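In case you want the letters, here they are:
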Amino acid sequence: PSCPTRTATSVRALEAGETFSNMRVASVVMICACSTAFRTATRTATPRGLKLQAATSDPLGGDLTGKTAFIAGVADSSGYGWAIAKSLAEAGCKIIVGTWPPVLAIFKKSLDSGRMDDDRQLSGGRTMDIDKIYPLDAVFDCPDDVPEDIKTNKRYAGLDGYTISEVADQIAGDYGKIDFVVHSLANGPEVTKPLLETSRKGYLAANSASAYSFVSLVQKCAPIMNEGGAALSLTYIAAEDVIPGYGGGMSSAKAALESDTRTLAWEAGRKYGIRVNTISAGPLKSRAASAISERGKKSFIDLAIDYSKANSPLGKDLYADDVGSSAYYLLSPLARAVTGVTLYVDNGLHAMGMAVDSNALTADGEGLPVPEKA
């Protein structure tokens, strides 16, 4: 089906750690806590085709050497998509990305000029290399969906093959089979409007770019993924709670994305043997998120970050690497039995039912009891 035509003014959120070694150490601690009897019992219930060895160089299955990940929605080094790419590269995974055509040239220039070299650093003096960058506009499934005004737009000049099906075909031609697909993009042209003021066109555009694009990516990429692979998207707490300022149908799109994750986990799991999960990430001041809105001296994202730090159980800053390391876990064989999950990576903010810094709660000068840090 055709996607709605992109509006001239759009707000694009290319939603955007702990290192691979840190994840490995944490996992080792959990594994070592198991008894010998448990290990023996586990060996007798080994899945068919999985060979257990007494000792291997990677007993936890966290090494991604020889694997390939396609990350859709990377255009700079400030967002979650870049952090996920780094976490996978840290584990030895080959990285290929899809970038929105209008910012493709700027992204490539930044990489080629060395301006992003510091952000590409991995442990042990290594550097993350992006093996290939594909132009990708995820609101178009096939060439017939691309309207004439996009084809003739100067920001798309000299580019073709940027629909989802075409990119999937190019990946298959370049790499054969891949292992991971990451959906790190969203677009809400009317995101600053309350839902009561959102047009049908804006609402459908948000859902097309932010939710259906993931369905389409899995549709087109699952056939070229190795069995045991995984797909991952990024969602937001607005899918289930009211977040004033996050409008234009974006909350509905995130709710659809989470619902689709569960359905795709069932369908793609049975048909292709791949897992499908999503991460509900806390607010991050990425370049794209900073453009959502401005309210006086502070933008929407600044307010969201302050609120999260003041009210989350962990009460600390959230970093892109926090999401990167969690994404690594969900994509890697460490999570081989995990699918259909919405994993919250937000310092625990999703668990809170009250804002402890609310004026209504602090009017008496005392407020609610908040545990003091030891």
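In what follows, the accompanying structure is described. Computed from a predicted structure; not experimentally measured. Sequence order as written defines residue numbering, which begins from 1 separately in each chain. Side-chain atom pairs in this predicted model are given and counted only at pLDDT of 80 or more, local residue features only at pLDDT of at least 70, and totals for whole chains, interfaces and linings cover all residues. Hydrogens and waters are ignored; side-chain quantities use all the structure's heavy atoms.

So, the environment of Lys-67
1) Next: Strands here are runs of E lasting at least two residues and helices are runs of H or I lasting at least four, both read from the DSSP assignment and numbered beginning at the N terminus. Counting through the fold element by element, Lys-67 comes out in the loop between helix H2 (36–44) and strand E1 (68–72).
2) Next: Relative accessible area decides the class of each residue, using a 1.4 Å probe on protein chains only: under 20% of the type maximum gives buried, over 50% gives exposed, and in between gives partly exposed. Looking at Lys-67, the relative accessible area reads 30%, which means it is partly exposed.
3) Next: Sequence spacing of Lys-67 and Lys-177 is 110 residues, and the spatial spacing of their C-alpha atoms is 9.4 Å.
4) Next: Two residues form a contact once any of their heavy atoms are found within 4.5 Å. Discounting residues that sit within four places of it in the chain, Lys-67 has contacts with Cys-93, Lys-94, Asp-179 and Phe-180.

Points about the side chain of Ser-312
1) Next: Among the structural elements, Ser-312 can be located in the loop between helix H9 (300–311) and helix H10 (320–331).
2) Next: Judged by its relative accessible area of 8%, Ser-312 is buried.

Some thoughts on the nonpolar core
1) Next: Working definition of a nonpolar core: buried Ala, Val, Leu, Ile, Met, Phe, Trp, Tyr and Cys residues. They are joined through side-chain atoms within 4.5 Å. Membership of the largest hydrophobic core comes to 39 residues, with the highest contact counts inside it found for Ile-71, Ile-84, Leu-88, Ile-95, Phe-107 and Ile-279.
2) Next: Top element by residues in this core is helix H3 (residues 80–90). It accounts for seven residues.
3) Next: Leaving out residues up to four positions away in the same chain, Ile-71 has contacts with Gly-81, Ile-84, Ala-85, Leu-88, Ile-95, Ile-96, Val-97, Gly-98 and Val-182.
4) Next: In terms of nonpolar packing, the next biggest core, distinct from the first, is built from 30 residues, Ala-72, Ile-178, Ala-211 and Val-276 among them.

Let's talk about the packing of aromatic side chains
1) Next: Two aromatic rings, drawn from Phe, Tyr or Trp (for Trp, its six-membered ring), form a pair once their centres lie within 6.5 Å of each other, and the interplanar angle then sorts them: stacked below 30 degrees, edge-to-face above 60, tilted otherwise. Summed over all chains, the structure comprises four aromatic pairs.
2) Next: Ring geometry for Phe-70 and Tyr-134: centres 6.3 Å apart, planes at 85°, overall edge-to-face. Taken together, the residues Phe-70 in strand E1 and Tyr-134 in strand E3 (residues 130–135) connect sequence positions 64 residues apart.
3) Next: Ring plane angle 65° and centroid distance 5.0 Å describe the contact between Tyr-236 and Tyr-246, whose orientation is recorded as edge-to-face. Here Tyr-236, found in the loop between strand E5 (225–235) and helix H8 (250–272), pairs with Tyr-246, found in the loop between E5 and H8; they are ten residues apart in sequence, far enough to count as distant. No difference in accessibility class separates Tyr-236 from Tyr-246, as the two residues are buried.

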